[in-house]
Amino acid sequence: MATAISSPAQVLLSGNEAIARGALENGIRVATGYPGTPSTEILESLARYDSEHYVSWSPNEKVALDVGVGAAVAGSRALVTMKHVGLNVAADTLMSVAYTGVRAALVIVVADDPGVHSSQNEQDTRMYARFAELPLLEPSDSQEAKDFFQLACEISERFDTAVLLRSTTRLSHSKGMVTLGTIQPSRAKEYEKNLNKFVLVPSNARVRHEKVVERTGLLREFAETTELNRWEKGSSEIGVITSGVCYQYVKEILPDASVFKIGLMNPLPIHRLRNFAASVDRLLVVEELEPVIEEQLKANGIQAEGKEYFTRLGEFSPERVRAGFQKAGVLPMPKAPETAGAAAAVKENLFRPPALCPGCPHTVPYLVLKKLNALVAGDIGCYTLAVYEPLAAIDTTLAMGCSIGMAVGLQKGGDGTRPVVATIGDSTFFHSGIPPLIDALYNNVKITVVILDNQTTAMTGGQEHAGTGKNLRGETARTVDIATLCKALGAGFVEVVDPYDVSAVFRTLKSAIQYDGVSVVITNRPCVVSPATIRTTPYAVTAKECNACQMCMNLGCPAIIWTEEMHEGQHKVTIDPVACMGCAVCGLLCQTNAIIPLAADPARRTV
Amino acid sequence: MEPNGTQNVLIVGVGGQGVILASDILGVVCMNRGYQVKKSEVHGMAKRGGVVYSHVRYGAQVLSPTIEPGTSDVLLAFEPAEALRWSKYVKPGGTIIVNSRKRIPPAACQDRRMDAPTRYPQGIEQALRGQVGDVRQFDAEELAVEIGDHRMCNTVLLGALSSVCEFELQDWLGAIAASVKPKTVERNQKAFLAGRNAQFAAMRDSLPSEKCEMSRSVTCLDAPEIAIHDSWCKGCEICVVVCPQACLKMNERNRAEVVKAEACIRCMLCEWMCPDLAVRVQ
Ligand SMILES: Cc1ncc(C[n+]2csc(CCOP(=O)(O)OP(=O)(O)O)c2C)c(N)n1
Ligand code: SF4
Ligand code: SF4
C-alpha cells in the first residue's frame, strides 16, 4: 500500500519487503519458512507477487530448511526464512548442510530480536554462523537488504555453501527507499546424483569436514577483498568497527570518525581489520548483543574496546550508542538531566501491557483452568498473554511446543495435588506438539491437553497452517483435522468444545482432568481479528443493575473498564461499544443480568 | 531541523488505532516531495492493545531509522497517556499534538482493594505543558464520529499534523488516495480536512480540562466474614463457581469451604446464588 511511488525506480520498502524483492530479482524458485516476528513479512510479501515460484509455510523451521536444502540440491535457488529461535529448531539440518554444501544458492534469512520485542530470548545468530562455519551477511538498511541478497546468492554458488542473511527487528520493520531491479525468472539445473556429497554416512562426513575447513580458508581470503566490507576513512583519532543497523547510528553520532563497516560477518577480514586498527589511535567496536567481532579481534591480538561501553543486553538506538561514546570519553558527558519530579510521578501509572483481544476465544478456557486450580504448562502464542492478571492461569512458558512434554514431566515429577494441563495453540501443535503428544499417549500419562484451535497463527499476524484449509497464497489446501489426528494417535478422550460456552468448557474440562490417561480438549472458535475481523452486536452494562462484583473483570476483556461510580468500595463497570466484539461471555458470567446486548437497551441504542 | 537537516516526526498510540497507516501516508508524502525517508516501528505484541509507535525521519540524507530523545520536531499522540510516555522525545521548541480520548487499559482496573483508583495518570496536560510549550489537544474521535466512522480517527489526527508540516494540501490528499482502500478515499480525505481545519481554527489553546477526577466513595467496611452452614450445603458447587475472587473451594467431603476470606469483596453472589441458603456474608 505505502509502496505507491513517484518515480518508478524507487519505492519505500521495509527490510523484509526488500529481502523478498531481492529473492525475486535473483531467481529464487523455492521459498519456505515458518512465521515468527520479525521475519514473517518476507514470505507474505513474496506471495503477493504474481510469479511462478513456490512459496509456502512449513509446519516448523526444520521442515522449512529441509525443503530449502532439497530444492538447492535439486538445482534451484532457494530461500528459507525464520526468526532467531527458529534456527534452534532447524539447527540439526543447519549443522549438516554446512558439510554437504549445495548445488544452487541456498539463502537462510534469520531475523534476530535484540531487545526481545516479541520473543522468548535475544540470542545472537552470528554465533551460529561461527558454530556451523557458514558465511553470514549483515545489511544495514532496506537497500542493502536487497543488494546483499544478490551477493548471498553469488557467495552460495561460488563457495558451495548455504549462506545466512541476518536481519534484526529494527531492519526488518524499518522502511527505507530502495531502487528496484528487474525480476529474474527462476530455473532449475539438471539433476546430478552425488552420493559422496549428499549422503552423510561417517566415511563421507569425514571428507566433507575437510571441505568445510578448506572452504572457510577460501572465504577468509574472499573477506579481505569483498566490497561487502567497507573502510570509510575519517579522522585518525577514533576508529569504529560496526555492522548492521548500528552502522547507521555510528555514522549519525560520529560523522567524522573512521569507520570499518562489516557486511560479511563470518569469516571476518582479519588482515584489513588489523590495518584499520593500526591506522587509528583508538579502536572501538559497536555491535549489538554478543561481542562476536571484539572477541575475534582480541584473539588475533588486535587491541579493541567494546563491551565495556556498549552493553551486551538489549537493542541499540542512537541514544544508547551516544551514551556508549560518552562513557568511553569520545563525546563529552551530558549535563545532568533536570529532575522532572511531577512528570515522573504521573508516569508511574503508565503501564499498558498487551492483552488478549475483546472476545478472544482463548479467554474462557484459562478462566476455567484457574477455577479448577490446574497446574498449567503453557506454550507460545497469543494465549501466552493469559499469564498476566487477571487470568494469571499459566505456570510455565518456555519455547514452542514445550507444553505437552513439560506437562508429562510436571505430572511424573509432581506431588499430584493439582491436575496437570498442557495448553497449546493449533499452529504450535503442528509445529512441535505432535511428538510430545505421542510421548504422553505412549506412556499413558494422566494429563489433559487443551488445544486452542483458533484456526490461524494469530500471534504473528494470522498466517495459514496445515489446519486452516488454505495455503500461503490464499488458495484452498488440504486440511489436517486435529481431532481426527488425536484419535488416530490413540487418544481415548477427545472432546471438541465451544470456548464461548462457559458452562460447557467447565463441564468438559472437569471431566477431562478426571480421566485416567491422556485427555484432549479442542476449542473451536476462530480468532476474532485474523484472518477476518469478527463482530456482532456489542454488549452494554446497565449501571443500576451492576453490583460491582468484578466477575466480568476476571476475563480481562479490554472492552470492559471501570467507571468512577462505586458500589461498596468497588468500581462499577462499563463496556466500550467500539472495542466490544459481542462474544457475550461477560453477559454469561454476570449474575445480576446487568450485561445485555446494546441493541436490547433502548436508552443506549444511539451510541 | 537538526544540523544535517533531518526532520523527525514521532507518531504514537495504542494497538488498533491506525498509527502505522498514518505514518505510512506521511512517508509517501515525504518521498513524493523528493526527500529521503526512513521510518521505523515494531510490530508484534502491539496489536493486542499494547503500545505502538512509528518514527518518521526525512531530509536530504537520513541515517538512523529511529529518532533520538529530545530531537523530535513533532509528537503526534493518538492517546493522552501515550503522549506522556513519549514526550521526552520532543525537542525544546517542538510541538505535541494529542488526541484527548483516553484509552484506559484493562490492566488499570485490577486493584480489588476497597476504593482503589483506576491506574491511569492524572494531570497529563499540565505535565506535557511543563515539558513542551506547544501542546495542542483536541478530541479527534469526536470529529471522526461526526464524519460517521470512528476508525477515521487516525486520518483526523494526520490532518492535525499537516497543520504544522511544510507540505501542500495536494501532497497529502494524493498520498491518502494512494494509500487507503479505494472505497474509503473520500471519507479519509474528509476526515483529514476535518482534523486540519480544526487545528487551523485555533483550537490550540482552549483545552478541555481533565474530567476524570476520582469519585471516592467512603464506605468503610470491616473485613467480611463468610459463613457456610455445613449441614445445609449439598455440594452443588454453585458458590465456588460464581465467586469472582475464588474465595471458596469444595473440600474432600464435597462441601463448600472458605479458603480465602481476605480476598472477599462482598459482592454477595455466593449468598444470593446458594439454592439452600447455606452461605452468609457479613
Ligand atoms: C521456534 C519459534 N518459531 C516461531 C516463533 C514465533 N511464534 C510465536 S507464537 C507463534 C504461533 C502461535 O500460533 P498458535 O499456536 O496457533 O497460537 P495463536 O497465536 O494463534 O493463539 C509463532 C509462530 C517462536 N516463538 N518460536
Ligand atoms: S489475535 Fe486472535 S487469538 Fe490473538 S488475542 Fe486477539 S483474538 Fe485472541
Ligand atoms: S461481550 Fe463482553 S467479554 Fe465479549 S467482547 Fe464484549 S465486553 Fe468483552
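Residues numbered from 1 in each chain as written. Chains lettered and ligands numbered in written order. Predicted model: local features only at pLDDT ≥ 70, side-chain atom pairs only at ≥ 80, totals over all residues. Heavy atoms only, no water.

1. Quick look at the site of ligand 1
Residue and element names in this part refer to chain A. Heads up, the condition is: Distances are taken per atom, and a residue is near a molecule or strand as soon as one of its heavy atoms is within 4 Å of it. Each polar contact in these results corresponds to two N or O atoms within 3.5 Å; when the atoms are within protein, one needs to be able to donate a hydrogen and the other to accept it, and residues that are neighboring in sequence are counted only if both atoms are side-chain atoms. Strands are runs of DSSP state E lasting at least two residues, helices are runs of H or I lasting at least four, and both sets are numbered from the N terminus onward. Each residue gets one label: Ala, Val, Leu, Ile, Met, Phe, Trp, Tyr, Cys and Pro are nonpolar, Asp, Glu, Lys and Arg are charged, and the others, such as Gly, are polar. Reported domain spans reflect what an automatic or database domain assignment gives.
Neighbouring residues of ligand 1: 26 residues in total, closest Glu61, His362, Asp426, Thr428 and Ala458. Between Ser427 and ligand 1, the recorded distance is 2.9 Å, taken from a backbone N or O atom to an oxygen atom. Asn454 is positioned with one of its side-chain polar atoms (N or O) 2.9 Å from an oxygen atom of ligand 1. Among the secondary structure elements, those contributing two or more residues to the shell around ligand 1 are helix H4 (84–89) and helix H18 (426–432). With four residues, H18 is the single largest residue contributor to the shell around ligand 1. Partitioned by chemical class, the residues of the shell around ligand 1 number ten nonpolar, 13 polar and three charged. Among the domains, domain 1 (9–223) and domain 3 (363–523) are the pair contributing at least three residues each to the shell around ligand 1.

2. Overview of the sheet that holds strand E1 (residues 10–14) of chain A
Under the convention used in this document: Whether two strands pair comes down to DSSP finding at least two bridges between them. Helix axes are fitted only over the stretch in contact, all axes being lines through C-alpha atoms; the angle between N-to-C directions runs from 0 to 180 degrees.
Across the sheet, eight strands lie side by side as E1(A)-E8(A)-E2(B)-E3(B)-E1(B)-E4(B)-E5(B)-E6(B); this open sheet has mixed pairing. Two strands in the sheet have a free side with no partner beyond their single neighbour: E1 of chain A together with strand E6 (134–138) of chain B. When strand polarity is set aside, the average angle formed by the axes of neighbouring strands in this sheet is 20°. Bridge analysis of strand E2 (residues 36–41) of chain B against strand E3 (residues 51–59) of chain B gives six bridges, and the strand direction is antiparallel. Paired with Val37 of chain B across the bridge in E3 of chain B is Tyr58 of chain B.

3. Description of the domain arrangement of chain A
Parsing chain A into structural domains produces domain 1 (9–223), domain 2 (230–327), domain 3 (363–523) and domain 4 (539–604). Relative to domain 3 of chain A, the C-alpha centre of domain 2 of chain A lies at a distance of 46 Å.

4. What about the side chain of Thr592 of chain A?
Under the convention used in this document: Three exposure classes are used, based on accessible area relative to the maximum for each residue type with a 1.4 Å probe and protein chains only: buried under 20%, partly exposed in between, and exposed over 50%. Any two residues whose heavy atoms approach within 4.5 Å at even a single point are treated as in contact.
Take Thr592 of chain A: it is sitting in the loop between helix H22 (585–589) and strand E22 (595–597). In this structure Thr592 of chain A comes out as buried when scored by relative accessible area, which is 18%. Engagement of the side chain of Thr592 of chain A in a polar contact is seen with the backbone oxygen of Glu545 of chain A, the distance being 3.1 Å. The residues touching Thr592 of chain A, leaving out its near neighbours within four places in the chain, are Glu545, Cys546 and Asn547 of chain A together with Trp272 of chain B.

5. A few points about the nonpolar core
Residue and element names in this part refer to chain A. To be explicit about the condition: We call a set of buried residues a nonpolar core when its members are Ala, Val, Leu, Ile, Met, Phe, Trp, Tyr or Cys and they connect through side-chain atoms within 4.5 Å of each other.
Tyr366, Leu437, Ile447, Ile451, Val520 and Ile575 are the most contacted members of the largest nonpolar core, which has 114 residues in total. By residue number, the principal contributor to this core is helix H21 (residues 502–514), which donates seven residues. Filtering out sequence-adjacent residues up to four positions away, Ile451 remains in contact with Ile424, Asp426, Phe429, Ile482, Cys486, Val520, Val521, Ile522 and Thr523.

6. Some thoughts on the interface of chain B and chain A
Put simply, the test is: Buried area adds together the accessible area that both of two parts lose upon being put together, with accessible area traced by a 1.4 Å probe. By salt bridge we mean one thing: a side-chain nitrogen of Lys or Arg within 4 Å of a carboxyl oxygen of Asp or Glu.
Each partner contributes residues to the interface: chain B has 84 residues there, and chain A has 73 residues. The contact between chain B and chain A buries some 6800 Å² in all, and 58% of this surface belongs to carbon and sulfur atoms. For the pair chain B and chain A, the number of links is six salt bridges. With a shortest N-O distance of 2.6 Å, Arg352 of chain A and Glu82 of chain B are connected by a salt bridge. If you list the elements that add at least two residues to the side of chain B that touches chain A, you get helix H1 (19–32), E2, E3, helix H2 (80–86), helix H6 (169–179), helix H8 (238–242) and helix H9 (269–273) of chain B. The leading source of residues in the side of chain B that touches chain A is E2 of chain B, at six residues. Of the residues belonging to the side of chain B that touches chain A, the class tally is 43 nonpolar, 20 polar and 21 charged. Of the pairings in the sheet, the one linking strand E8 (residues 174–179) of chain A to E2 of chain B comprises three bridges and is antiparallel in character. Residue pairing for E2 of chain B: Ser174 of chain A is matched across the bridge by Ser40 of chain B.

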